Amino acid sequence: MKLPSLLSVFSAIAAVACSAAPALVNARPDGRLGYAPYNAAGDTILDFSHCGYGGGGVPLPDAFEQVRLRPAESGDDTARIQAALDDVARLPLGPDGLRGAVILERGVYRVEGTLRIGASGVVLRGEGQGENDTRVIASGTKQRVLVEIAGAAPAERDVRRAVRITDAYVPVGARSFTVADASGLKAGATVFVDRIGNAAWIAELGMDRIPPDADGTPSTPWSPFTLAFDRVITAVDGNRVTVDAPLACSIDERWGGGQVVPYTDAARITNSGVENLRAVSAFDPAVQESYRGRFNYAADEAHALHAVSFNHAKNCWARNLTALHFYHGVSKVHPGAKWITVQDSRSLAPVSRITGGRRYPFDLSGQLSLVLRCYSEDARHAFVVGSRVPGPNAFVFGVSRNEFGHSEPHHRWSTGGLYDNVESDIAFQDRSSMGSGHGWSGANYVAWNTRGALTVQQPPTAQNFSFGHVGERRPGAFPRPQGHWESLGQPVAPRSLYFAQLRNRPGPPAPLAQVIDGALQQATRQYEFMLREIEGQPGLPRSVDGSARKMSERDWTIGFFPGALWYLFEATGDVRWRDAAQRYTARTESFQHNRGTHDVGFVLYCGYGNGLRLTGDDTYRRVLLTGAASLATRFSPVVGAIKSWDRPGRWDFPVIIDNMMNLELLLWAAQTDPRYREIALKHADSTLREIIRPDGSQFHVVEFDSATGQVKQKFTHQGAADDSTWSRGQAWAIYGYTMMYRFTREPRYLQQARACADYVLNHPNLPEDMVPYWDFNAPQIPATARDSSAAAVMASALYELADYSGPDSARYAAWAEAILRSLTSPAYLAPVGSNYGFLLAHGTGSYRSHLEVDAPLIYGDYYFLEALIRARARLK
C-alpha cells in the first residue's frame, strides 16, 4: 500500500474556508492576538506557542557528522552502534551545544537491546525513512524502547527555598503571580510552580466518589495531588514573579493554593535527537487474535514498545521517523522531559492486542512538548496525554486513520493541551469509572479546527473548548455539562492557533542576515550529502520518484543542479563548490546543439551562465553563444514568438509562459548579435499580448497558427483549468518580465512584472506563509498541495523587482523576505541528510499528471539559493 504523503494528508484536514476569529481569541488593531477572559475569574485561552524545542519557534539544529557506520551482513548491531554513540558523547560540546551525529548509512541494522543517548548534543541519524533507506530492526522478544534519550536523574527540587504564592486566585493562562518573599528568586532561575490540589478540591470534582464500572469493578477514588509546572523566571518585580510560559491550571487558595520551588537539573541532557530512519519492530506473526469476531490481527506483545523515548531531557527531538509494527509507535515523552519536539513522523501497523494500555504511538507525559505533522494508523489513542500532566502541550497538524479509540487526555486531570488541525476522533471528557477510575481526563484543553468526531465536556473548576470543528459532535461516554463550542461545522481564523501564537510572540524575529547565513550553512551541508549520494551515478538530480532519487540526463531540469553548485561557490568562496560545479556543468555541454526545445536557456544559462559570471572561463562563453543560436532557430517571425514544444498532430505552434525564462540567454547573447535582442523583445511582447490576462494572471499555453500567426486556443497544460492561474507559471511571469526590464529598461515590462506580482500578493487564496498552492484556483483549496518551487522563484524575482520599484521597493522586498522566512523554516527546509539531499520539501512538479507532487524539485533549490544570495546582497 502506498501511503499518503504527509503534506497531502495534513492539507486535507481543513478543506473549507475559515470564518472569522472566535470571540475568545481576537485580532487586535496592531495585528496581535488578544484573549478575552471566559469567566469572571479572568481565565483565558492558553498561549501554546511555548511548546516544542527551544521553547517554541526555534528550528531544530543539525549536528555535524562525526561517525559513519555501514550495515553489517548479520548479527546484533547494538554494541557497535552504542559504541559509536558513546564515542561522540565523549567529544567536547561545541558552541552550538552539539557534539555531533552518528550516521547509519542505508541498509539494515539489527538491535536486540536499547540504544541509549545519555549525553547532551548527540544525534543518531539515518539516511532516510523509506523501505530502502536506513532500517533499524528492533529484534528479539524483549519489551523495551529502541532508542532512549535520557539524562541520569530528574530535576532536583530545593524545597528549603520554597516560597508560598499569596494570590487568592491565579487564573488559567497567567504568567505572573505574587509570592510571600521573592528575595531568593531572580530572572533566569529554574523553578517548579506547584499547583496544589487538596481533598476539598477532589471532592468538588466528584473524584472521591467515582462509581463502579459497568461490570461491577470498583473504581479507585482520587487522592490529593500537585501539578508542578516547570518554568523559568523571566522577571522579578518586588514580590511579583513572571515566568516564561503560562500556567495551564488555575491556582486557587480554596483548593490548596500554590508555591514556587527552585530546582537544579544538571543531570538532564539537552540537544540530542534521533532522526531520518525507519524503525521496525520484529514480532511473531503466528500470534493472532480476533477483534470482536470481525477480523483476525497480529497480536504478539513480546517485542519493542516505542521507537524513541525521552526522560530527564529538555530541548531534544525526534523527526522524520517511520515506526513500523511497534507495540505503541513512534514516541513516548516521560514526565522528566520538557521542550521536546516530535515532527514529521509516522506510526504504521502497530502489533499488540487491541485493548487497554496499548497502541499509544504519540504519547506525552512531559510538558511544553510539541507533536507536529505526525501520522498514525491503527492506533487506540494516537495523540494521547497521560495522567496529571502539567501542560501546555500541543498536537499540531496530526492525522490518525483507522483508529480503535480517541485521541485524548487519557486520565486524571492533565491540563492545557492543544489539538490544532488534528484529524481524529477526539475526546475531552469525564471517563468516570473507565480504567478503574480515570475520571476527568483533561482540563483547559482546546480543539482548534479539528476534524472527525469530537467530545468536549466541562469539568468542575475548569473548561474545555472547541473552535471550528468539522464533523460529529458527540455528547460523551457519561452525561456531563458541555464545554465551550464555537463555529461547529465551519473552521475559524487563524487556520492554526499554534502558528498564529508563534507569530505573535513578543520580540522581533531573528535578523534576516542570521536566517540567510543559517540557511546557506544548512544548504552546504545538505549538498555535501547529495554529492556523496550521487557519486558515480549518471545524470543530474531532478526530484524523487517513490523511494528513490530521480536523476535526469537530458531534460529541461539538468542545468539547475550545476547552477545550484555555482551559487554555493558564490555564497561561500569554497573552491570545492567551484570544482563540483565545473564537473557537473560539463555534463550539460551537448545541450548547446539542441534545436528541439525552448529549454536551452534553462539548461545552459543556469550552469554555463553562472560559471562564466563567476570564473570568466571563455569556453563557457562559446557554449552559451552556440546555445543561443540553437534557441533562435525556434523563433517564427510570423508568430512573433519562440516555439515551446514540438508536438506534431497535437498542437501547431504552442507557446508557454515558462518560455519567458529562456529569453535571458538571448538577451545576454545580444551583446554579440543584436538580432537576438529583437527575437526576445518580440517574444516578450507576444506573450504580454496573448498569454497575460488584464488582471495580471496568465494562461499557461497559447497555440498559434504557424502559417498566419493567429491564436487558435488558450488553455492550460499544468494548471487546474484553462482559466485558472497555475502558480509556477505566475512565478515565471513575474521573474520573466522583471528580467526583461533589467536588460531593456522598457517601462512596459516593469509595469507588467508589477501587475503579475500584485495579482499574487492580493489574491485571497495566497496562504498566510506566502507559499502558494499549486494553482491559485485549485478546486480543493486548502486541501491540496503547495508548491515551494513557485515560492522560491517568486522570492528571487521579487528581490530584483524591489530594486526597480521606487516607493514600492520596500513592499516587494518585505514580501520576498516573508517567503524566504517561510522557506527557511522547518516546514519547508529539509534537515541535513533527509529529503534525498534536496533543500526544499513540498514542491509540485505537475499536479495534473500526478508527477512529483509534494516532492523536492531541483529548480526549487536553484531559485531558493538565488533568492538567498540576492537577499544577502541587499543587506550589504
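Notes on the structure in this doc start here. Starting afresh in each chain, residues are numbered from 1 along the sequence in its written order. Only residues with pLDDT of at least 70 get local features here, since the model is predicted, and only at 80 or more are side-chain atom pairs given and counted; chain-wide, interface and lining totals rely on the full set of residues. As a rule here, side-chain values come from all non-hydrogen atoms in the structure, and water together with hydrogens is ignored.

### Considering the overall build of the chain
Next up, step 1: Secondary structure assignment for the chain yields 16 helices and 51 strands.
Next up, step 2: Here the C-alpha atoms of the chain give a radius of gyration of 29 Å, agreeing with the 29 Å that 2.2 N^0.38 yields for 876 residues.
Next up, step 3: In terms of its C-alpha atoms, the chain occupies a principal-axis envelope of roughly 90 × 65 × 60 Å.
Next up, step 4: Counting over 876 residues, the chain shows a buried share of 63%.
Next up, step 5: Contacts in the chain between residues far apart in sequence, at least 24 positions, make up 71% of those at least 6 positions apart.
Next up, step 6: Positive and negative side-chain charges in the chain, numbering 89 and 90 respectively, have mean positions lying 1 Å apart. The helix count covers DSSP runs of H or I at least four residues long, the strand count covers runs of E at least two residues long, and both are numbered beginning at the N terminus. Radius of gyration here uses only the C-alpha atoms, and the compact-globule reference equals 2.2 Å multiplied by the residue count raised to the power 0.38. Each residue is placed in one exposure class: buried if its accessible area under a 1.4 Å probe, protein chains only, is under 20% of its type's maximum, exposed if it is over 50%, and partly exposed if it falls in between. In what follows, a contact means two residues having at least one pair of non-hydrogen atoms within 4.5 Å. Under this rule, positive means Lys or Arg and negative means Asp or Glu; His and the chain ends count for nothing. Note on charges: their place is set at NZ of Lys, CZ of Arg, CG of Asp or CD of Glu.

### A closer look at the sheet that holds strand E49 (residues 711-715)
Next up, step 1: In short, DSSP must find at least two bridges between two strands for them to pair. In spatial order, the strands read E47-E48-E49; together these three strands make up an open sheet with antiparallel pairing. Strand pairing shows two members of the sheet lacking a second neighbour, strand E47 (653-656) and E49, which therefore form its edges. Shown here is a sheet whose adjacent strand axes are inclined to one another by a mean of 20 degrees, direction ignored. Axis definition: a line fitted to C-alpha atoms, limited for helices to the stretch in contact. Angles are taken between N-to-C directions and run from 0 to 180 degrees.

### As for the packing of helix H12 (residues 727-744) against helix H14 (residues 788-803)
Next up, step 1: As a packed pair, H12 and H14 sit with axes 9 Å apart at the nearest point and diverge in direction by 25 degrees. On the basis of their axis angle, the class for H12 and H14 is roughly parallel. When the axes of H12 and H14 are compared, the crossing they make is left-handed. Residues Ser727, Arg728, Ala731, Trp732, Ile734, Tyr735, Thr738 and Arg742 of H12 lie in contact with H14, whose contacting residues are Ser789, Ala790, Val793, Met794, Ser796, Ala797, Glu800 and Leu801. When an angle is under 35 degrees it counts as roughly parallel; over 145 it counts as roughly antiparallel; between 65 and 115 it counts as roughly perpendicular; any other value is oblique. The handedness criterion is simple: a crossing whose near helix is rotated anticlockwise from the far helix by less than a right angle is left-handed, and one whose near helix is rotated clockwise is right-handed.

### A few points about the side chain of threonine 415
Next up, step 1: Within the fold, threonine 415 resides in strand E35 (residues 414-420).
Next up, step 2: The class of threonine 415 is buried, set by a relative accessible area of 1%.

### Brief notes about the pattern of salt bridges
Next up, step 1: When a carboxyl oxygen of Asp or Glu is within 4 Å of a side-chain nitrogen of Lys or Arg, the pair counts as a salt bridge. The full count for this structure, using the stated rule, is 63 salt bridges.
Next up, step 2: A salt bridge links glutamate 148 to arginine 116, with the nearest nitrogen and oxygen atoms 3.3 Å apart. Taken as a pair, glutamate 148 in strand E9 (residues 147-150) and arginine 116 in strand E6 (residues 115-117) lie far apart in primary sequence, 32 residues in all.
Next up, step 3: Its salt-bridge partner being arginine 431, residue glutamate 408 comes within 3.2 Å of it at the nearest N-O pair. Here arginine 431 lies in the loop between strand E36 (426-428) and strand E37 (442-443) and glutamate 408 lies in strand E34 (residues 408-409), a separation of 23 residues in the sequence. Each member of the pair, glutamate 408 as well as arginine 431, carries the same accessibility label: buried.
Next up, step 4: Several salt bridges share partner residues, and in doing so they unite Glu65, Arg68, Arg70, Glu105, Arg106, Glu127, Asp133, Arg532, Glu533 and Arg549 into one network.

### Here we look at the environment of leucine 865
Next up, step 1: Tracing the backbone shows leucine 865 in helix H16 (residues 858-875).
Next up, step 2: Judged by its relative accessible area of 1%, leucine 865 falls in the buried class.
Next up, step 3: Measuring from C-alpha to C-alpha, the distance between leucine 865 and leucine 520 comes to 7.7 Å, with 345 residues separating the pair along the chain.
Next up, step 4: Setting aside anything within four residues of it in sequence, one finds leucine 865 in contact with Leu520, Ala523, Ala564, Tyr567, Leu568 and Leu839.

### Describing the sheet that holds E34
Next up, step 1: Read across the open sheet, the seven strands follow the order E6-E9-E23-E25-E28-E31-E34; overall the sheet is parallel. Looking at strand neighbours, the two that pair on one side only are E6 and E34, the edges of this open sheet.
Next up, step 2: In terms of strand pairing, strand E28 (residues 362-364) meets strand E31 (residues 383-385) through three bridges, oriented parallel. Across the sheet, the residue bridging to aspartate 363 is valine 384, located in E31.

### Topic: the packing of helix H9 (residues 618-632) against helix H11 (residues 675-690)
Next up, step 1: Contact pair H9 / H11: the axes reach a minimum separation of 11 Å and the direction vectors enclose 50 degrees. Regarding the angle of H9 to H11, the classification is oblique. Remark: the crossing between H9 and H11 carries left-handed chirality. Here H9 contributes Leu625, Ala628, Ala629 and Ala632 to the contact with H11, which in turn contributes Arg675, Tyr676 and Ile679.
Next up, step 2: Under the grouping applied here, Gly and all other residues not named as nonpolar or charged are polar, the nonpolar ones being Ala, Val, Leu, Ile, Met, Phe, Trp, Tyr, Cys and Pro and the charged ones Asp, Glu, Lys and Arg. Residues belonging to the contact of H9 with H11 are distributed by class as follows: six nonpolar, no polar and one charged.

### Description of the pairing of strand E3 (residues 65-69)
Next up, step 1: In the sheet, E3 pairs with strand E4 (residues 100-104) via four bridges, with the strands oriented parallel. Counted as the bridge partner of valine 67 is valine 102 from E4.
Next up, step 2: In this region the chain leaves E3, passes through helix H2 (residues 78-89) and returns to the parallel neighbour E4; the handedness of that crossover is right-handed. Place the viewer so that the strands point away; then a crossover is right-handed whenever the path from the first strand over the helix to the second strand goes clockwise.

### Points about the packing of aromatic side chains
Next up, step 1: Any Phe, Tyr or Trp ring, taking Trp's six-membered ring, that has another such ring centre within 6.5 Å forms a pair; planes under 30 degrees apart are called stacked, those over 60 apart edge-to-face, and the others tilted. Going through the model one piece at a time under the given rule, you end up with 43 aromatic pairs.
Next up, step 2: For the ring pair phenylalanine 428 and tyrosine 445, a centre distance of 5.2 Å and an interplane angle of 50 degrees mean the geometry is tilted. Taken together, the positions of phenylalanine 428 in strand E36 and tyrosine 445 in the loop between E37 and strand E38 (446-448) put the pair 17 residues apart, joining distant regions of the chain.
Next up, step 3: Take tyrosine 445: its relative accessible area is 1%, and that puts it in the buried class.
Next up, step 4: Note on tryptophan 774 and tyrosine 847: the rings are 4.3 Å apart at their centroids and 10 degrees apart in plane angle, and the pair reads as stacked. In this pair, tryptophan 774 is assigned in the loop between helix H13 (747-761) and H14 and tyrosine 847 in the loop between strand E50 (843-846) and strand E51 (851-855), connecting sequence segments 73 residues apart.
Next up, step 5: Site record: aromatic cluster; members linked through ring pairs are Trp556, Phe560, Tyr567, Phe602, Trp732, Tyr735, Tyr859, Tyr862 and Tyr863.
Next up, step 6: Here, over-ring charges are defined by two tests on the NZ atom of lysine or the CZ atom of arginine: distance to the ring centre within 6 Å, and angle to the ring normal within 35 degrees. The lysine or arginine in question, arginine 195, covers the ring of tryptophan 201, its NZ or CZ lying 4.1 Å from the ring centre.
Next up, step 7: Of note, arginine 647 hangs over the ring of tryptophan 645, and the distance from its end group to the ring centre comes to 4.8 Å.

### A closer look at the nonpolar core
Next up, step 1: Put simply, buried Ala, Val, Leu, Ile, Met, Phe, Trp, Tyr and Cys residues joined by side-chain atoms within 4.5 Å make one nonpolar core. Counting residues in each nonpolar core, the largest one holds 127 residues, and the members touching the most others are Tyr527, Phe561, Tyr863 and Phe864.
Next up, step 2: When sequence neighbours within four positions are dropped, the list of residues in contact with phenylalanine 561 reads Tyr527, Met530, Leu531, Ile534, Leu540, Pro541, Tyr584 and Ile858.
Next up, step 3: In this structure, Val136, Cys374, Phe428 and Ala447 belong to the second largest nonpolar core, which totals 57 residues.

Remember that the coordinates give geometry; whether it matters functionally is a separate question.
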